[in-house]
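Chains, contacts and geometry: an overview
Chain residues, written in single-letter form:
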Amino acid sequence: MKPLLAAPEQVIKENTVFVEQAIQYFENKDWDNLNKIPVMIDQNGKTISYFGDNTWDLTHYVDVKIVSKKRASFTHLTTISLLQEQKLLAFLGLFAVGTLRQGAMIKTTTFLERNINLTQVYKYIESIKADSICVLNHPIQFSRFCEYLKSLKMSGPYTSKLIFALNWIEAVKNQTPIKLSLPLTTSITELGRQLGCPTKLESEQYYAIPSRLMQLIYSKAIEYIDTYYPIRDTLLDIHTEQQENYEIGKAAVDNKIKSGQWNWLTSDSPHYKAEITKAKPQTSTNILKSYISNADIEKLIPSDIRRFNWLYSHILTCCFIICGAFSGMRRSEIYSLHSDSFKTLKLKDQVFYSLQSYHSKMTPAVPEKAEWLASPITGKAIELASLLTQNMRTQLMLSDDRVENARASSIWLVQQMKCRKPNMLTGPPFALHHKQLVEEAGAIVNEQDYEEFKLLNPNLNIHAYKQKIVIGKPWAFTTHQLRRTFAVFGKRYNLLSDVAIKQQYKHIYLPMSQWYSEGGVAAKIKHVKVDSELNNLLQEVDKEVTTQLLHQWYNSDDKLYGKKGIDVVKDREDTAVKYSSWDALYAQVSAGRISIAGTLHSYCMADYECRMEKVVSPTNCFNCENVVIDETKAQAWQKRHQWIVETITEMEQHTKLSQSQLSHFITQLRAAEKVMDYFEISYTPYKPEIEIRQL
């Protein structure tokens, strides 16, 4: 059978027969026939998992380059009825009802996570000796289950996930024989908060790395790339010859077994590996020594094969980190990079660098090709990683297994054991390389780093981060921190806008991009330094300009208009001592008794008594008792008059203006004409054609 991973209609129809049989066998408790139903079939039509198996292998239905979990386990229950019930739910989730949001389609990651969550629930159901999950229909039993969840002291979000898994069973009860109906009295999210551990109620955002630690870690990774890039061919030759040396020894042993010369040995024998080692033409140490005769290379390449293999993987880890650090790509997107991913584009004498890969966050069934802007160092990292994995990719391409063929395009491969095919660089060994790189870089958290960490990461769970980030200890590094750090520092140093982050990160919604960059703005604001000397200078200049303008108004023959402007002209004939002297005016301005606020059309002397709510419209301020209009501002009224006339003319070409619309413009025109008449500015009066209608 084929899981409904965005399956076409014909596949759904083919699966219907098996779905109906599974439900019938389950209802009849015909476990023998139920266990014989095929669950997983590979591309060649071979059944790889049956309903009765304790582990369902989904390897042939996942992209092994981006998904680490590939199997669903059912080894936790001993009660047959409960075990078969959970298996039936998993079976129907794959082949019939899928998810609530996507109908019959389901992602493998969704299926596997839901199965893990239901496993937690079924362990409890077995512990109370019930024979079905439907026991939770009873309010008392559900209340006891809630108390059980509370006793586990799990986080609020994870507790909600367990209840969401139950909610899915209830939502599809019309298509399944399992009729679950939870006696919920509140929302699932709220219930999760009530049952979660008080110190784990908030989901924690991935951390952004403080700047000093980031520089140390990234610099160390770049140092590895720059150091081993020149001898990349030598590294590949050593790795290739080690593999070929093993293949020769293996072939010699296999030939002796096949010819019957060694009847005492088989490929499953515990001595098989030892005989291959004896049959190899050279020892691993001798191969290494043959390449490190050069003194310069001897400093870079260890003479021990285990240390060499570790170094090989460590260089790949550094390449991986650099690709993520300078692009902000998701972990799955970095794993989808290939040897030809680095691209260069020149537009108008400017060179752009990008990484081409696939993202499957919103398109799980068919990954979508996309590009991410990146730094030139990523090209060097990809070239180095591609060459180091060249022989491993060739091995996978020559394999008869299609899953291994699909993995052959990846440049993130390791092969610690020559007897096994190369695998993805992931899991605990990958984390160990992260830890070693941090220690090599000397990225030890100090008090300054700790304070910056709290500033860059405002969405912290105070009970969680104190256990992970400790002063005096190495930084707790994870790959997704690269993505958060890229967004935060792009925002912090004005390199990226929210829209740019959304485009780079392939987000659907802008708030998600803003969530990723939270902390960047706060860090930017904190490091803004106020120049008090410059600020005082600007205030002094402002006072002098205001004083000079007032002195000119009260001690010249310049025309002034507006109610306050006309009052100023009248006061010139009997100017008080406080207005005749420049120093006296300066003292009034410095004391805050007189102030001037300039607008695009006039000056206002109302100080803070006026909030200037209507300042955008000149007409609203025209009759104000605090307005002063000089010849310079009068020119603005002339431009306003010209603009209004042009606007009316253009609008009337398309539609007839109503009297209310026209009156809005006329009031502004008449105000402007009064100003221009006063200052003797020539203009063409506007005469509207107003229709008088008889009602």
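So, here's what we can say about the structure. Everything numeric here is computed off the predicted structure, so don't read it as measured data.

Concerning the overall build of the chain
Along the backbone of the chain there are 31 helices and 12 strands. Burial status across the chain gives 44% buried among its 695 residues. Of the contacts formed within the chain by residues at least 6 apart in sequence, a portion of 65% connects residues at least 24 apart. As displayed, the chain has an accessible area near 37,400 Å², and 51% of this comes from carbon and sulfur atoms.

Observations concerning the nonpolar core
It is characteristic of soluble globular proteins that their nonpolar side chains tend to be buried jointly. Leu235, Ile301, Ile315, Leu337, Trp412 and Trp475 are the most contacted members of the largest nonpolar core, which has 73 residues in total. In terms of residues, this core owes the most to one element, helix 13 (residues 305–325), which gives 13 residues. Setting aside residues no more than four positions away along its own chain, isoleucine 315 makes contact with Tyr224, Tyr228, Leu235, Leu384 and Leu388. Core analysis: the second largest hydrophobic core is formed by 56 residues, Ile41, Trp56, Ala130 and Trp168 among them.

Considering the sheet that holds strand 5 (residues 342–347)
Pairing between the strands of a sheet is mediated by backbone hydrogen bonds and can be parallel or antiparallel. Overall, antiparallel pairing links the 3 strands, which are arranged 5-6-7 in an open sheet. Taken across any chain shown, the strands that pair with only one partner, and hence form the sheet edges, are strand 5 and strand 7 (368–373). Here the strands of the sheet are splayed against their neighbours by 35 degrees on average, with no regard to which way each runs. Note that strand 5 and strand 6 (residues 350–359) share 6 bridges and pair antiparallel. Directly across from lysine 343, in strand 6, lies its bridge partner serine 354.

Side note on the packing of aromatic side chains
A complete count under the given rule lists 28 aromatic pairs for this structure. Taken together, a centroid distance of 4.9 Å and an interplanar angle of 90 degrees make the contact between tyrosine 207 and phenylalanine 453 edge-to-face. In this pair, tyrosine 207 is assigned in the loop between helix 7 (188–195) and helix 8 (211–228) and phenylalanine 453 in helix 19 (residues 447–456), connecting sequence segments 246 residues apart. We classify tyrosine 207 as buried; its relative accessible area is 5%. Each ring, one from tryptophan 582 and one from tyrosine 586, has its centre 5.6 Å from the other, and the planes form 10 degrees; the classification is stacked. Residue tryptophan 582 and its partner tyrosine 586 are located together in helix 28 (residues 582–590), separated by 4 residues, close to a single helical turn. Put simply, the rings of Phe51, Trp56, Phe74, Phe91 and Phe95 touch in pairs and so form one group of aromatic residues. Here the basic side chain of arginine 114 rests over the ring of tryptophan 168, its NZ or CZ set 3.8 Å away from the ring centre. Positioned above the aromatic ring of tyrosine 603, the side-chain terminus of lysine 633 is 4.9 Å from the ring centre.

Reading the values: rules and limits
Residues numbered from 1 in each chain as written. Predicted model: local features only at pLDDT ≥ 70, side-chain atom pairs only at ≥ 80, totals over all residues. Heavy atoms only, no water. Helix = DSSP H or I, 4+ residues; strand = E, 2+ residues; numbered from the N terminus. Buried < 20%, exposed > 50% of the residue type's maximum accessible area, 1.4 Å probe, protein only. Contact = heavy atoms within 4.5 Å. Areas by Shrake-Rupley, 256 points an atom, 1.4 Å probe, with all protein chains shown as cover. Core = buried A, V, L, I, M, F, W, Y, C linked by side-chain atoms within 4.5 Å. Pairing = 2+ DSSP bridges. Axes fitted to C-alpha atoms, helices over the stretch in contact; angles between N-to-C directions. Phe/Tyr/Trp six-rings, centres within 6.5 Å; stacked < 30°, edge-to-face > 60°. Lys NZ or Arg CZ within 6 Å of the ring centre and 35° of its normal.

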